[in-house]
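Fold and contact review
This is what each chain is made of:
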Amino acid sequence: MTRTNDDARDAPPSDEPSDEQETFRALLRAQRVWDTTLPAFDPASAPADPLPLFRRWFTEAVAAGQPEPHTMTLATAGEDGRPDVRTLMLHDADAHGWHFASHATSRKGRQLAARPEAALGFYWAAQGRAVRVRGPVRTASAEASGADLHARSTGALAAALVGRQSEVLDSAADLARASAAARERARREPDAEAVSWTAYVLVPDEVEFFQGDERREHVRLRYRRAGDGWVRELLWP
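Reading the values: the criteria
- Per chain, residue numbering runs from 1 following the sequence as it is written.
- Selection of residues for local features in this predicted model requires a pLDDT of at least 70, selection of side-chain atom pairs for listing and counting requires 80 or more, and totals for whole chains, interfaces and linings are taken over all residues.
- Side-chain numbers come from the whole structure's heavy atoms, not from hydrogens or water.
- Secondary structure elements follow DSSP: runs of H or I of four or more residues count as helices, runs of E of two or more count as strands, with numbering from the N terminus.
- Each radius of gyration is computed over the set of C-alpha atoms, and the globule rule expresses the reference value as 2.2 Å times the number of residues to the power 0.38.
- Partly exposed describes any residue whose relative accessible area lies between the buried limit of under 20% and the exposed limit of over 50%, with all areas from a 1.4 Å probe on protein chains only and scaled to the type maximum.
- Note on definitions: a residue-residue contact is assigned when non-hydrogen atoms from the two residues lie within 4.5 Å.
- By the counting rule applied here, Lys and Arg register as positive and Asp and Glu as negative, while His and the ends of each chain are not counted.
- Think of each charge as sitting on NZ of Lys, CZ of Arg, CG of Asp or CD of Glu.
- Paired strands are those between which DSSP finds at least two bridges.
- Take the residue count of a helix, subtract one, and multiply by 1.5 Å to get its expected span.
- Here, a salt bridge means any Lys or Arg side-chain nitrogen found within 4 Å of an Asp or Glu carboxyl oxygen.
- Residues belong to a common nonpolar core when they are buried Ala, Val, Leu, Ile, Met, Phe, Trp, Tyr or Cys residues joined through side-chain atoms within 4.5 Å.
- Note on ring pairs: Phe, Tyr and Trp rings are taken, using the six-membered ring of Trp, and paired if centres are within 6.5 Å. Classes follow the plane angle, with under 30 degrees stacked, over 60 edge-to-face and the rest tilted.

**So, the overall build of the protein chain**
- The helix and strand inventory of the protein chain stands at seven helices and 10 strands.
- For the protein chain, whose C-alpha radius of gyration is 22 Å, the value lies well above the compact-globule estimate of 18 Å for 237 residues.
- For the protein chain, the proportion of its 237 residues judged to be buried stands at 37%.
- In the protein chain, 64% of the contacts between residues at least 6 apart in sequence involve partners at least 24 apart.
- If the 31 positive side-chain charges of the protein chain are averaged to one point and the 36 negative ones to another, these points end up 1 Å apart.

**Examining the side chain of Asp148**
- Here Asp148 is to be found in helix α5 (residues 142–150).
- Residue Asp148 is classed as buried on the basis of its relative accessible area, which comes to 17%.
- When near neighbours in sequence (up to four residues on either side) are disregarded, Asp148 contacts His91, Ala101, Trp197 and Ala199.

**Here's the deal with the pairing of strand β5 (residues 117–124)**
- The sheet contact formed by strand β1 (residues 71–77) and β5 spans three bridges and is antiparallel. Note that in β5 the partner of Leu74 across the bridge is Leu120.
- Direction of pairing for β5 relative to strand β6 (residues 129–139): antiparallel, over a ladder of eight bridges. Each bridged residue has a counterpart across the sheet, and for Tyr123 the counterpart in β6 is Ala130.
- Between the end of β5 and the start of β6, which pair antiparallel, lie four residues, with Gly128 showing a positive phi angle near 65 degrees.

**Structural notes on helix α3 (residues 50–63)**
- Taking 1.5 Å as the rise per residue, α3 with 14 residues should run 20 Å; its terminal C-alpha atoms sit 20 Å apart, in good agreement.
- Of the residues one or two after α3, Gly65 is the one with positive phi, at around 85 degrees.

**Details of the pattern of salt bridges**
- Summed over the entire model, instances satisfying the criterion amount to 16 salt bridges.
- One salt bridge connects Arg215 with Glu217, and the closest N-O pair in it is separated by 3.7 Å.
- For Arg215, a relative accessible area of 61% puts it in the exposed group.

**Structural notes on the nonpolar core**
- The biggest cluster of nonpolar side chains holds 30 residues, and the ones touching the most others in it are Phe54, Trp98, Phe100, Phe122 and Val131.
- Elements represented by at least two residues in this core include exactly α3, β1, β4 (97–103), β5, β6, β7 (197–202), β8 (206–211) and β9 (219–226).
- Broken down by element, the residue count for this core peaks at five residues, all from α3.
- Excluding residues that lie within four positions of it along the chain, Val131 makes contacts with Phe54, Trp57, Leu120, Gly121, Phe122, Trp124, Val207, Glu208 and Phe209.

**Side note on the packing of aromatic side chains**
- Across all of its chains, the model carries 12 aromatic pairs by this definition.
- Between the aromatic rings of Phe41 and Trp57, the centroid separation amounts to 5.2 Å while the plane-to-plane angle is 80 degrees, which identifies the pairing as edge-to-face. Of this pair, Phe41 sits in the loop between α2 (19–30) and α3 while Trp57 sits in helix α3; the two residues are 16 residues apart in sequence, bridging distant segments of the chain. Side by side, Phe41 and Trp57 carry an identical accessibility label, which is buried.
- On the numbers, 5.8 Å between centres and 45 degrees between planes, the contact of Phe122 with Trp124 is tilted.
- Linked through ring pairs, Phe41, Trp57, Phe209, Tyr223 and Trp230 together constitute an aromatic cluster.

Okay, structure coming up:
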C-alpha cells in the first residue's frame, strides 16, 4: 500500500532523534549563561516601592551596554483563556504604572478589551537581571494616545498609519505600497491621527526582581500591593 502525505502527518513522532535534532540539542546545551561577572543585589537595601528600583536597574542596564533594554514581552489572554505573548517597547514607567501602546484592533488590543489583565517581562542579560510585572490594564484617553503617538518618530507614525496590525497579509507588495503611502502622509501631516492607536497602562499589583547568581543562588524579590503600600518578600529560586 502506498503511504500518502496524510498518513505521514498522522504518524506519531519517532522516539529516535534525527541527526538534525541531535545537532540542535548539542548547540542548545553548548550555550553559556551569564559568562560575565554579575552585580550583587542586597534585597535589604531595596526601596519600599518597586518603581525606583525598576528605574535604577533600567539605568544600570543601559550603562552596562544591554541592547534595547526598553524591549519587553507582553503576555495577555483572549476570551477563550488561551495565553499569548509578544515583544514590544516600554513607553514609560511612572506612579500610574508601566506604559505601552498598540492598535486597539490588533490581536493584543482585542485580548486586552476582553480581559484587561496582563504581565510584562524584562530580561537584561548583561547583568543577569529580569523583572516581571503583573496587574490590570487600563486604556488611556484619546488625547493621551495621540500625544504618545506624536512623541515618536516619523517612521513610527507611518507604521501606525498603515494600521491593520495582526490581519492576514496577502503579499509583501501590498505592505510595500501601504508603507510608502503612510510614510508620505506622515511627512506631509506630522499631526495625522491613527484612530486605532491606543496607549495602555499596566497598573502593577505584583512586581518581581530577579538577580542571577553564578552559583545559582539567585535573588528573587517580590513586591505585592497591599492597600496603599507594598509588601516585600523573598522567593526561593
